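Here is what each chain is made of, one letter per residue.
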Amino acid sequence: MQAKKRYLILLSAGTCLVLLFYFGGVQLPSSGRNRHDRSHNGYRPDQPWPHFSDPLQQFLLWDQPDTEEYNIHISPRQKRDVNTSVYKGKRCRMDSCFDFSACKRNDFKVYVYPQQKGEKISESYQNILSIVEGSRFYTTDPGQACLFILSLDTLDRDSLSPQYVHNLKTKVQNLHLWNNGRNHLIFNLYSGTWPDYTEDLGFDIGQAMLAKASISTEIFRPNFDVSIPLFSKEHPRTGGDRGYLKYNSIPPFRKYMLVFKGKRYLTGIGSDTRNALYHVHNQEDVVLLTTCKHGKDWQKHKDARCEKDNAEYDKYDYREMLHNSTFCLVPRGRRLGSFRFLEALQAACVPVMLSNGWELPFSEIINWNTAAVIGDERLLLQIPSTVRSIHQDKILALRQQTQFLWEAYFSSVEKIVLTTLEIIQDRVLQQESRSTLMWNSHPGGLFALPQYSAHLGDFPFYYATLGIKPYPKFTAVIHAVTPLVSQSQPILKLLVSVAKSQYCAQIIVLWNCDKPLPAKHRWPATSVPVIVIEGENKVMSSRFLPYETIVTDAVLSLDEDTVLSTTEVDFAFTVWQSFPERLVGYPARSHFWDSNKERWGYTSKWTNDYSMVLTGAAIYHRYYHFLYTNFLPASLKGMVDQLANCEDILMNFLVSAVTKLPPIKVTQKKQYKETMMGQVSLAPPHNLSLWIFRQTCMNKFASWFGGMPLVHSQMRLDPVLFKDQVSILRKKYRDIERL
Amino acid sequence: MVRLSMCASGKYSSRGPALIPRMKTKHRIYYITLFSVVLLGLIATGMFQFWPHSIESTADWGLDRRSVHDAPLIRLPVANPIPERGDLSCRMHTCFDVYRCGYNPKNRIKVYIYPLQRFVDEVGVPISSTGLSREYNDLLSAISDSEFYTDDVTRACLFVPSIDVLNQNSLRIRETAQALAMLPRWDKGMNHLLFNMLPGGPPDYNTALDVPRDRALLAGGGFSTWTYRQGYDVSIPVYSPLSADVELPERQPGPRRYFILSSQTAIHREYRAELERLKEENGEALLLLDKCSNLSQGVASARKRCYKGQVFDYPQILQESSFCVVLRGARLGQATLSDVLQAGCVPVILADSYILPFSEVLDWKRASVVIPEEKLPEMYTILKSIPHRQVEEMQRQARWFWDAYFSSMKAIGMTTLQIINDRIYPYAARTYEQWNNPPLVKWSSVNSPLFLPLIPPRSPGFTAVVLTYDRIESLFRVITEISKVPSLAKLLVVWNNQNKSPPEGEKKFKCPECTAIDGLSLDQTHMVERSECINKFASVFGTMPLKVVEHRADPVLYKDDFPEKLKSFPNIGSL
């Protein structure tokens, strides 16, 4: 028995030796690990790439470019022409399939084909067309157009769908402006059908651009096509719901880490990823649920897991999961994109993309890494550890970015369509296009118009990001509507007190009065230049025109009968410097929802909050003049001009829609006009019809904006020692208290 | 040894007995000998594990002095396979094996460099006329010194061949392709990265390397939109050899002597004619330089430019202009771009369909002006319309791009690897700000972690945190007052006194100094102490982060002549 034991040991030893050599053999080439270990001890890691010390040749000889250049005889112009003729179809790019000359003549204009009788158009496509027609890009003249949009419904190209339009091929070919699709944009949400769901549209799109949902990188032509999100029939036309994030919580973790609830495809394309999800499901914080119960004959294909999966699926409520999860899985369905994507985005649930080869929506301009986790279907099993490794700070940032992107580009069909058009416009105008920063930071590309300036520092939104400050002076713009007859008129007093402000750079008097301009000597002598501009058509909107004479970032907007002291002007300006993207002013007003009349109401009563400051005495960034003039539709501006009223309400709507924040009221002062002084403010305004006008305006504006952008505030900003019981001599803005 | 005993016992207890054959005693000697041999072998292996480092490192010291001529010579048989031309539809999820990169806590890819070999054809002619270039050697050295490097081929995620393909001109296309295919881990080019700066050749000058390369990733200079596989290839700059030779100190942004400068010597005559027309129209604002006819070829001529007999130093002259023209030549990518950026001159790029270097991460709109070639005659008008402040930002940005991403082969190589790294670990990718903000902006910019404009509802309320030492009376007063607030969700008292335990229930303490707290009557030493704190903190921060404002927030109806009971916050200011 002793011997037996010994042999036993011997044999084991032998086995071990074999094993040892085996492992040793594996280890030998990996001695790099040892090297790195040694480098921690201050030992310089040896250089596996020997930094060769011989005199080596340069890769580029000094005269190579020259000699090459003199050897080519083909003219660069010809070369360009060759490119444009070669790269067609799948290889279309703006350079080869788009006619820029059509856009050069008149900005970026979009033509929509007239709708033909008997053609049925889905509601979604009808929405798209009416949005384009209501936009500032729209033209009815095809000769002016840079871009053409079909009135034939191309949204659903699934031939099994009831919305499918037949004979599209011939219908398109018969359009006399078709021009083989050149400068055309085709919207599409669904293409291909069961079982392979190819991305074929079923007709020849020629040189047309695609704005397509679920588009794959394979067919996507960079900087030519636009990837749009898949949206449902119920997606709101304008406005749209805000994101669900009401406040930030820290730490940012929610009940679930990662969730998904959706169909599982038992056969065919796109089934692999969802079939594998159950591996990762842990019933606790990673809840990934699938159901087989969909389609007519699911029972026929069902597999062993179906019953169990279906039971688990029914246990959880989708909305509850959506709102209580940090991450939401967005795996591919039959097609690459799914509704889950927008749902997660709106719910501030950071999307975890699991859809290899999907060109993400608006990928040309959106940096999705800041709002989503781009996973790889091949690495599904790593997803839980990946999302767990993401730091809290990053989650907080991702989550906020989902909300920004949702509200900036996705919350309504209008935003999706306008974003698509703006992307194409950026390509066409090239120099006047948005930088990545403008698209990816608040307030987003739809509100930051590059035609205003190429310089980020000229906008009110990027001071903090760039680490700069606005120009420390303002331009006063006084809106004059009555003739100058006496030297005691309020406008002259106003002029003097504003000019005395240390921050005043210049004063512009906008002469919107039918009487001719008064002689130069009638204006008081001031230390700052006074420029008198005759208003264009003498309409209300002209007070917000982006006059080139305004050289400062800040504009102090004034009515001619405004009463303001120099101290008040100075103080308001110092406050504005801290809030350069907002309206800062004196007279505040409020809106409210009148539930009896089911409409918005306007009030000038003294209330505990406000949502507007009137532009009769307000400071704001000059960019808003540009935005007012170029962003708002002619219908709203026309209404303002016709009523000669409401321009201040419209400006408040605009600024709040951009900033999502209320304006800022400064100090106690409530009345700001000579005519109002001495009135009891609690009484309804002196002119009832004017007040009714303003109600009407509010409701009209709210309907155009697709919601009420105004935000209430309960805060007013006073000078630091305001009405404090200290000597008045210690107060910098002491005059404010005397009023 | 530990391993041995563990193994042995494991075997013994589990499967050992069943495996033992019956043996005769005469075989005992034989087994004892075997055991000894095994033991000796074990010892030797053990020695080997501890010994070899010194051997290895001396070998490596030798390596450092090694010359390229010592690299092994590989003869390529004519019949060797040639890779396929390169698939235009390749994307990371189709042509890249992500399993090789794995999950790792540092989120960093591992890059392996093949050892240098000298490839020759059957008759002994090298596949490249230059062999390893100085620049490619710099690039590979930089990679091997970097955190990306691994010398363990089995753990590598990305493979970089040591075959230099920077300049297609010096290559024999077919043989180079064969050499690539011979690489031991080539596997259809999967996860291989090639660096090429000068693609194509006469007469048509393709915009991507003509060497067939299967699925290999290409870091190429001079891609056009038709050859660049977005999200797969990396567009890199054409390195300017002058970068290493010339030091141009950074100049303050601002107006320059010339408005537009054209310094390229090899401009097609059609374009030169157009530039000359522009010069006629706008005179002094334009400086149109060409090669100096009296200088012979070579470094000296590369450093001079002439205009009508007037000689200028290049690249220094670039610093004298606000804008510098970078026109396409036979190729789209131009080394001039690098010189121009180094000089802090805003590049005006005229190269239709060109994919700008590192455009995947760099925001070129903030550093350059891109004008379609056919708009060259309008260049002056276009540039004039750009606001001065924008020009200054672009000048600063241009120089920053050069410093960070163009200045050396190392910078170019590291940027390329980082871009690929960002694709593989997108959730750990560098941000737009990290890529694009120059240090000055990074330093001065304020990016709030709570950047979304949100006005939170009242419903979650707030948590009050009260810090106390031993002034119980004042603490209780605070608690009583604050607990009246409807929005209070939680009250947290931080007892900051090691010597006393917090009071249980209600205890009364005398607190004479409590009432004396008033903004004006604080004693002097307190202020001095706090000033010292502020100075200390500011010096640690390197700047004073506090900002002075002159306003404070009050309720809308604060101190208004208005019935107090109608005010939301009637008591403010009453204390």
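None of the values given here were measured: they were computed from a predicted structure.

**Student:** Hey, could you run me through the overall build of chain A in this one?
**Tutor:** When helices and strands are tallied, chain A shows 25 helices and 24 strands. A burial count over chain A gives 58% of its 739 residues as buried. Considering only contacts in chain A between residues 6 or more positions apart, those separated by 24 or more positions represent 74%. Total accessible area computed for chain A in this model is approximately 30,800 Å², and 54% of it derives from carbon and sulfur atoms.

**Student:** I keep staring at the sheet that holds strand S12 (residues 321-327) of chain B and nothing clicks. Help me out?
**Tutor:** Two strands in a sheet stick together by hydrogen bonds in their backbones, pointing the same way (parallel) or opposite ways (antiparallel). Residues and elements named next belong to chain B. Taken in spatial order, the five strands of this open sheet run S9-S8-S12-S13-S14, and their pairing is parallel. Both edges of this open sheet fall to strand S9 (286-288) and strand S14 (369-370), since each of them pairs with a single strand only. Bridge analysis of strand S13 (residues 346-350) against S14 gives two bridges, and the strand direction is parallel. Each bridged residue has a counterpart across the sheet, and for Ile 349 the counterpart in S14 is Val 370.

**Student:** For this particular structure, what's the right way to read the state of the cysteines?
**Tutor:** What makes a disulfide is a covalent bond joining the sulfur atoms belonging to two cysteines. All names here are of chain B. With the rule as written, the count across this model stands at nine disulfides over all chains. The partner cysteine of Cys 90 in its disulfide is Cys 95, sulfur to sulfur 1.9 Å. In this structure, the disulfide formed by Cys 90 and Cys 95 twists by about -80 degrees around the S-S bond and is classed as left-handed. An identical accessibility class is assigned to Cys 90 and Cys 95; each is buried. Through a disulfide, Cys 101 is tied to Cys 157; the S-S separation comes to 2.1 Å. Disulfide Cys 101-Cys 157: torsion about the S-S bond near 65 degrees, hence right-handed. Here Cys 101, found in the loop between helix H5 (92-95) and strand S2 (111-113), pairs with Cys 157, found in the loop between helix H6 (134-145) and strand S4 (158-160); they are 56 residues apart in sequence, far enough to count as distant. Residue classification places Cys 101 among the buried residues on the basis of a relative accessible area of 10%.

**Student:** What should I look at first to understand the UniProt feature "coiled-coil region" (unreviewed entry) in chain B in this one?
**Tutor:** Mapped onto the present numbering, the UniProt feature "coiled-coil region" (unreviewed entry) falls on residues 261-288 of chain B. Helix makes up 50% of residues 261-288 of chain B and strand 18%, whereas the separation of the span's terminal C-alpha atoms amounts to 6 Å.

**Student:** How should I be thinking about the pairing of S12(B) in this particular structure?
**Tutor:** Consecutive side chains along a regular strand alternate between the two faces of the sheet. All names here are of chain B. Burial analysis of S12 places seven of its seven residues in the buried class, which makes it a mostly covered element. Judged from the four bridges that link them, strand S8 (residues 258-262) and S12 form a sheet pairing that is parallel. Note that in S12 the partner of Leu 261 across the bridge is Cys 324. Bridging between S12 and S13 involves five bridges; their strand directions are parallel. Among the inter-strand pairings, Phe 323 is bridged to a residue of S13, identified as Val 346. Crossover connection from S12 via helix H11 (residues 336-342) to parallel S13: handedness right-handed.

**Student:** Would you take a moment to explain the nonpolar core for this structure?
**Tutor:** Proteins that are soluble and globular tend to have nonpolar side chains buried together. Ranked by size, the top nonpolar core spans 105 residues in total, and within it Phe327(A), Ile143(B), Phe195(B) and Ile424(B) carry the most contacts. Considering every element that reaches this core, the biggest residue donor is helix H14 (residues 409-424) of chain B, with seven residues. Setting aside residues up to four positions removed in sequence, Phe327(A) forms contacts with Met257(A), Leu258(A), Val259(A), Cys349(A), Val350(A), Val352(A), Val373(A), Val387(A), Ile390(A), Ile395(A) and Leu398(A). Ranked by size, the runner-up nonpolar core spans 80 residues in total, among them Ile131(A), Leu155(A), Ile365(A) and Ile366(A).

**Student:** Mind showing me how you'd approach the pairing of strand S11 (residues 325-331) of chain A here?
**Tutor:** All names here are of chain A. Among the seven residues of S11, seven are classified as buried, and the element is accordingly described as predominantly covered. Note that strand S9 (residues 256-263) and S11 share three bridges and pair parallel. Within S11, the residue paired with Leu 258 across the bridge is Phe 327. Relative to strand S12 (residues 350-354), S11 runs parallel, the two being bridged by five bridges. Across the sheet, the residue bridging to Val 330 is Met 353, located in S12.

Conventions we followed
Residues numbered from 1 in each chain as written. Chains lettered and ligands numbered in written order. Predicted model: local features only at pLDDT ≥ 70, side-chain atom pairs only at ≥ 80, totals over all residues. Heavy atoms only, no water. Helix = DSSP H or I, 4+ residues; strand = E, 2+ residues; numbered from the N terminus. Buried < 20%, exposed > 50% of the residue type's maximum accessible area, 1.4 Å probe, protein only. Contact = heavy atoms within 4.5 Å. Areas by Shrake-Rupley, 256 points an atom, 1.4 Å probe, with all protein chains shown as cover. Pairing = 2+ DSSP bridges. Disulfide = S-S within 2.5 Å. UniProt positions renumbered as here; feature names shortened; annotations may be inferred. Right-handed = clockwise from strand over helix to strand, strands pointing away. Core = buried A, V, L, I, M, F, W, Y, C linked by side-chain atoms within 4.5 Å.

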